[in-house]
Amino acid sequence: MNYYLNIGSNIGDRRDNLYRAVVALTAGTGGCAVSSIVESEPWGFESEHGFLNLGVSLQSTMQPQEMLERIHEIERELGSASHRDAQGGYVDRLVDIDIVAIDDMVIDSPSLQVPHRHLPERDFFLIPMQHLAPEWRHPVTGLTAAQMLGKLHQ
């Protein structure tokens, strides 16, 4: 399966946090493709700390739930605490890894939504996705990342 992931960091040494996450994600695999870094303002919460984000494309035989568990394990290993406060709002974080898409799969479970439910709303997801998989189309809307990005900035 082709996994398209997004890694974000807005505290600490953000570039190093991204690098360490990529190394952990690709351990034991044949490697990955990585997009350029995208800077963004916090999405969904207020913070003085801007984010660095990058997209990662990798192949894995892991099932989606296994990959999600591995991602959560990597986030914990890298020292990232919960991404939400007691009220459920977003907070600053060392590393946040999201599954953006998996081939043309559609998953809608309580623990995992693929494609990521906020993909069409987040340019820091769409710009790396456009770079990594320009021909990929959202399996529900049929739109490419470039088309979604165009709609976002209308």
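A short note on the pattern of salt bridges
Phase 1 of the analysis: Summed over the entire model, instances satisfying the criterion amount to four salt bridges.
Phase 2 of the analysis: A salt bridge links R20 to D16; the nearest nitrogen and oxygen atoms lie 3.7 Å apart. Placement of the pair is R20 and D16 together in helix 1 (residues 14-26), with a separation of four residues, close to one helical turn.
Phase 3 of the analysis: R20 gets classed as partly exposed once you look at its relative accessible area, which sits at 31%.
Phase 4 of the analysis: For D16, a relative accessible area of 31% translates into the label partly exposed.
Phase 5 of the analysis: Several salt bridges share partner residues, and in doing so they unite R70, E73 and E77 into one network.

Describing unusual backbone geometry
Phase 1 of the analysis: In this structure, the amide linkage connecting V114 to the following residue, P115, adopts the cis form with an omega of -10 degrees.
Phase 2 of the analysis: Mapped onto the secondary structure, P115 falls in the loop between strand 7 (113-114) and helix 3 (123-132).
Phase 3 of the analysis: At D103, a position not held by glycine, the phi torsion is positive, near 45 degrees.
Phase 4 of the analysis: Within the secondary structure, D103 is located in the loop between strand 5 (96-102) and strand 6 (107-108).

Here we look at the nonpolar core
Phase 1 of the analysis: One finds L5, I7, L25, I97 and I99 to be the most contacted residues of the largest nonpolar core, which totals 24 residues.
Phase 2 of the analysis: Broken down by element, the residue count for this core peaks at five residues, all from helix 1.
Phase 3 of the analysis: Ignoring sequence-local partners within four residues, the contact set of L5 consists of L25, L54, G55, V56, L58, I71, I97, D98, I99 and V100.
Phase 4 of the analysis: Counting 14 residues, the second-largest nonpolar core is a separate cluster that includes Y4, F124, M129 and A133.

Here's the deal with the side chain of S35
Phase 1 of the analysis: Within the secondary structure, S35 is located in the loop between strand 2 (33-34) and strand 3 (38-40).
Phase 2 of the analysis: In this structure S35 comes out as buried when scored by relative accessible area, which is 7%.
Phase 3 of the analysis: Contacts of S35, omitting those with residues within four sequence positions, involve L54, G55, P128, H131 and L132.

Conventions and cut-offs
Residues numbered from 1 in each chain as written. Predicted model: local features only at pLDDT ≥ 70, side-chain atom pairs only at ≥ 80, totals over all residues. Heavy atoms only, no water. Salt bridge = Lys/Arg side-chain N within 4 Å of Asp/Glu carboxyl O. Helix = DSSP H or I, 4+ residues; strand = E, 2+ residues; numbered from the N terminus. Buried < 20%, exposed > 50% of the residue type's maximum accessible area, 1.4 Å probe, protein only. Core = buried A, V, L, I, M, F, W, Y, C linked by side-chain atoms within 4.5 Å. Contact = heavy atoms within 4.5 Å.

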